[in-house]
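# Summary of structural features
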Amino acid sequence: MRDSSRSSIFSQFCSSALRTKPLSNSSDVVRINSGEGLIRRLGPFDLILLGIGASIGAGIFVVTGTVARDAGPGVTVSFMLAGASCVLNALCYAELASRFPAVVGGAYLYTYTAFNELTAFLVFTQMMLDYHIGAASIARSLASYIVNILELIPFLKNNIPNWVGHGSKEIFGFVSINVLAPVLLVLLTLILCRGVGESSLVNTIMTTTKIVIVVVVIIVGAFEVDDSNWSPFAPNGFKSMLTGATVAFFAYVGFDAVANSAEESKRPQRDLPIGIIGSLVVCIALYIGVCLVITGMVPYKFLGEEAPLAEAFKTKGLHFVSVLISVAAVAGLTTTLLVGLYVQSRLYLGLGRDGLLPAIFARVHPTRHTPIQSQIWVGFIACVLAGLLNVHLLSHVLSVGSLAGYSVVAACVITLRWKDNDDISSEMTQVTATYMSHRLEGIICITVIACCGFTTGIIFRYVVSPFAYIFLIIPIIIAILATAALRFRQEQMDPPGFSCPWVPMVPALCIFVNIFLFAQLHYEAWVRFIVLSIVAVGVYAFYGQYHANPTVDREVVTYHKAPEEEAL
């Protein structure tokens, strides 16, 4: 009897975990049961600025110099390689953003449709932890920058206590009081609660300010460049540039925030791909410009660690540029924090609607058209983390969620291209069995590509002997064979809207590179990935599977496609 009960519980868990959210053929407008929906106010220009605001913070003035200390002038190639990798990921996001219903969810929604409910919940938890810790860390950095600017005033210099903005001395190794960071978070949360129009306006002003200052810095610095500093271009060889690219990759992370604004985009099927790819192209151009300037002004060996770009201008006597850089850093951190909080609330909104989280997260204010409860929740979490903890200590476990999300999104592009993906239930039993066999084969190939990427990353990271690099060829060849199987063994169909080129080669390369980068992370990031996945499965088992909102047939959960766009 007890064995029968356990079998029933496990069967129910598997049935719920494997539930999917297929696209409906209906063109009805999405209807939300929890009150008024979000309002469509964001055009392509707003979406581009949203992506830039999420991607470029103070790091453009720091990370560029940090990588240059190892890669030399070849840091430019590092950022080009990282940018190219992100462009491939952006193409995958762009296809899904134009193909899916114009509702919130992003990577979580894509995974729910392409794979299953449990995998989607795992993607959400991994990405959300990155967002929570990242928001708190950015808030503390922003508070520190603001205090530094205030201390330019003579009577405030060295008179502001550390606990105000820089953080008090640590207690128990991790508790550090910061008063200003929660205040900034409250202000930004209030702006976001007022509506997407107000928050978009703030993001537009701050992002424009940031871009203008970066362009001014590049132009002024160009007149101070000594091209002899670019020789030798790669003093430590190609490996240093490739290693630099693994660091530079994370400087571009943030463009995916555009995908989560689908429900507030005026013409999502057209504008989301423009916003995703357009914002990334602008970011790549700005990063490359800064790299060329910083390595041309000062020999790479003499670049500072804390503020390399600002110090480079000081050595040339251009102190006013250092002030501009501080202002741009504040603007950059503000937009990054604003967009991060915005994305978090929309993800909570999506899960609240689906029942995987309590219904309070699904509520949208009837007049402000914002998920105020979700917005307050993410603001509260960030305030607690930023105000009490030195979250910078957790920086080395970040980015694992983003890499996991990007990899799954690339896999979604592959699986959703397979023919008859949406209507296998209507096929005959034999045809359905054949399809499921091909689908399983395809998923195995995708898994093999991911494993090969991780293996290649481990070999690249830990092998010292040049001869041992020959072993890199083995996982690369296996990954190529698995990609060939996906190309020739699976029947593909052309998606509506924007189409990612060279599928499945481009998404397979994304998966391989992303997992390669995953292998370069601190080992504690791997531990965090495993532990959080176990916790997420537990939360889903005890809450999510019982509260998810299935449709009438109790098998699937459906979002309707957005209405067709008006002809331009």
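Residues numbered from 1 in each chain as written. Predicted model: local features only at pLDDT ≥ 70, side-chain atom pairs only at ≥ 80, totals over all residues. Heavy atoms only, no water.

## Digging into the packing of helix α15 (residues 400-417) against helix α19 (residues 523-547)
In contact at an axis separation of 10 Å, α15 and α19 are set at 65° when each is read in the N-to-C sense. Taken together, the residues of α19 that come into contact with α15 (itself represented by Val 400, Gly 401 and Ala 404) are Ala 525, Arg 528 and Phe 529. Considered class by class, the residues forming the contact of α15 with α19 number 4 nonpolar, 1 polar and 1 charged. (Axes fitted to C-alpha atoms, helices over the stretch in contact; angles between N-to-C directions. Helix = DSSP H or I, 4+ residues; strand = E, 2+ residues; numbered from the N terminus. Contact = heavy atoms within 4.5 Å. Nonpolar A, V, L, I, M, F, W, Y, C, P; charged D, E, K, R; others polar.)

## A look at the packing of helix α9 (residues 196-222) against helix α11 (residues 268-297)
To characterise two packed helices, one gives the angle between the axes of the helices and the distance between these axes. Where α9 meets α11, the closest approach of the two axes is 9 Å, and the angle between their N-to-C directions is 35°. Seen from above, α9 lies across α11 with left-handed handedness. Mapping the contact onto sequence places Ile 211, Val 214, Val 215, Ile 218, Gly 221 and Ala 222 in α9 and Leu 286, Gly 289, Val 290, Val 293 and Met 297 in α11. Tallied by class, residues from the contact of α9 with α11 come to 9 nonpolar, 2 polar and no charged. (Left-handed = near helix turned anticlockwise from the far one by under 90°.)

## Comments concerning the confidence of the model for the protein
With 90% of its residues at a pLDDT of at least 70, the protein reaches an overall mean of 86. Note on residues 25-35: pLDDT is under 50 here. Beyond four places in sequence and across chains, it has 14 contacts. This model gives residues 422-428 a pLDDT under 50, and the stretch forms 6 contacts once residues within four places in sequence are excluded. (pLDDT = per-residue confidence, 0-100.)

## Focus on the environment of Gly 197
Within the secondary structure, Gly 197 is located in helix α9. By relative accessible area, which is 29% here, Gly 197 ends up partly exposed. The sequence separation of Gly 197 and Ile 39 amounts to 158 residues, and the corresponding C-alpha distance is 9.4 Å. (Buried < 20%, exposed > 50% of the residue type's maximum accessible area, 1.4 Å probe, protein only.)

## Digging into a nonpolar patch on the surface
Among the surface-exposed residues, Trp 163, Ile 177, Val 179, Val 183, Val 186, Leu 187, Leu 190, Trp 377, Phe 380, Val 384 and Leu 388 lie close enough to one another that they form a single nonpolar patch of about 960 Å² accessible area. Of all the elements in the fold, those that place two or more residues in the nonpolar patch are α8 (180-194) and α14 (372-388). Here Leu 187 lies in helix α8. A relative accessible area of 46% means that Leu 187 is categorised as partly exposed. (Patch = residues over 30% accessible without salt bridge, like charges linked within 9 Å, V, L, I, M, F, W, Y side chains within 5 Å. Areas by Shrake-Rupley, 256 points an atom, 1.4 Å probe, with all protein chains shown as cover. Salt bridge = Lys/Arg side-chain N within 4 Å of Asp/Glu carboxyl O.)

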